[in-house]
Amino acid sequence: MNQVAREAQLAKGTLYLYFDTKEELFLALLSEHLGAWLHDLTAQLDERQPQTPDDVTDVLLATSQGLEPLRRLLVLLGTVLERNVRPEVVTSFKQEVQALTEGVVERLPFSPEITLRLLHHLHALSIGWQQLTEDAARSGQASPFEEEFRVALRAVVRAVAQA
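This text gives an overview of the structure that appears in the document. These numbers were taken from a predicted model, which means no experiment stands behind them.

Let us now look at the overall build of the protein chain. Scanning the protein chain from terminus to terminus reveals 8 helices and 0 strands. Element order for the protein chain, N to C, with α for helix and β for strand: α-α-α-α-α-α-α-α. Evaluated residue by residue, the protein chain yields a buried proportion of 39% over its 163 residues. Considering only contacts in the protein chain between residues 6 or more positions apart, those separated by 24 or more positions represent 66%. In the structure as shown, the protein chain presents an accessible area of about 9500 Å², 53% of it carried by carbon and sulfur atoms.

Interhelical geometry of helix 3 (residues 22-48) versus helix 6 (residues 87-107) gives an angle of 10° and a closest axis separation of 9 Å. Here helix 3 lies roughly parallel to helix 6, going by the angle between them. Counted together, E24, L27, L30, S31, L34, G35, L38, L41, T42, L45 and D46 of helix 3 and V89, F93, E96, V97, L100, T101, G103, V104 and R107 of helix 6 form the full contact between these two elements. Per-class residue counts for the contact of helix 3 with helix 6 are 11 nonpolar, 5 polar and 4 charged.

Parameters at a glance
- Residues numbered from 1 in each chain as written.
- Predicted model: local features only at pLDDT ≥ 70, side-chain atom pairs only at ≥ 80, totals over all residues.
- Heavy atoms only, no water.
- Helix = DSSP H or I, 4+ residues; strand = E, 2+ residues; numbered from the N terminus.
- Buried < 20%, exposed > 50% of the residue type's maximum accessible area, 1.4 Å probe, protein only.
- Contact = heavy atoms within 4.5 Å.
- Areas by Shrake-Rupley, 256 points an atom, 1.4 Å probe, with all protein chains shown as cover.
- Axes fitted to C-alpha atoms, helices over the stretch in contact; angles between N-to-C directions.
- Parallel < 35°, antiparallel > 145°, perpendicular 65-115°, else oblique.
- Nonpolar A, V, L, I, M, F, W, Y, C, P; charged D, E, K, R; others polar.

Okay, structure coming up:
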């Protein structure tokens, strides 16, 4: 919280007026990043109107560039953030995410059930490849994220769409 307060040029006590814990602050940041990505994704879906699994993959890949902060926060979501904030904050976050994903569900050329499965797979792929990327960086290796994520996402979208 000290670093956040310093960067925001606020007193640390001021942050605690809005967030009880640093996890609540991170959950709010996650909500902002996720909302921005879903807004961008929805706009791209409106513009491109994908009809095939490969078209959908292309839109997902185009909107997933430069989202490392979002992916890093998603890694923390289930293991740290949801466990260390008040239950009503988690409930509110989940309701907000559900409302934001409805726009995506309406715009993809799949049934709502298939689209939700696809979003769950996208979430899992993002977290998994982000963790592998961080492990590679710690050991001084090149990041495998971009190319491997592209290959995995295309395969998953094709498989889920055929289910």
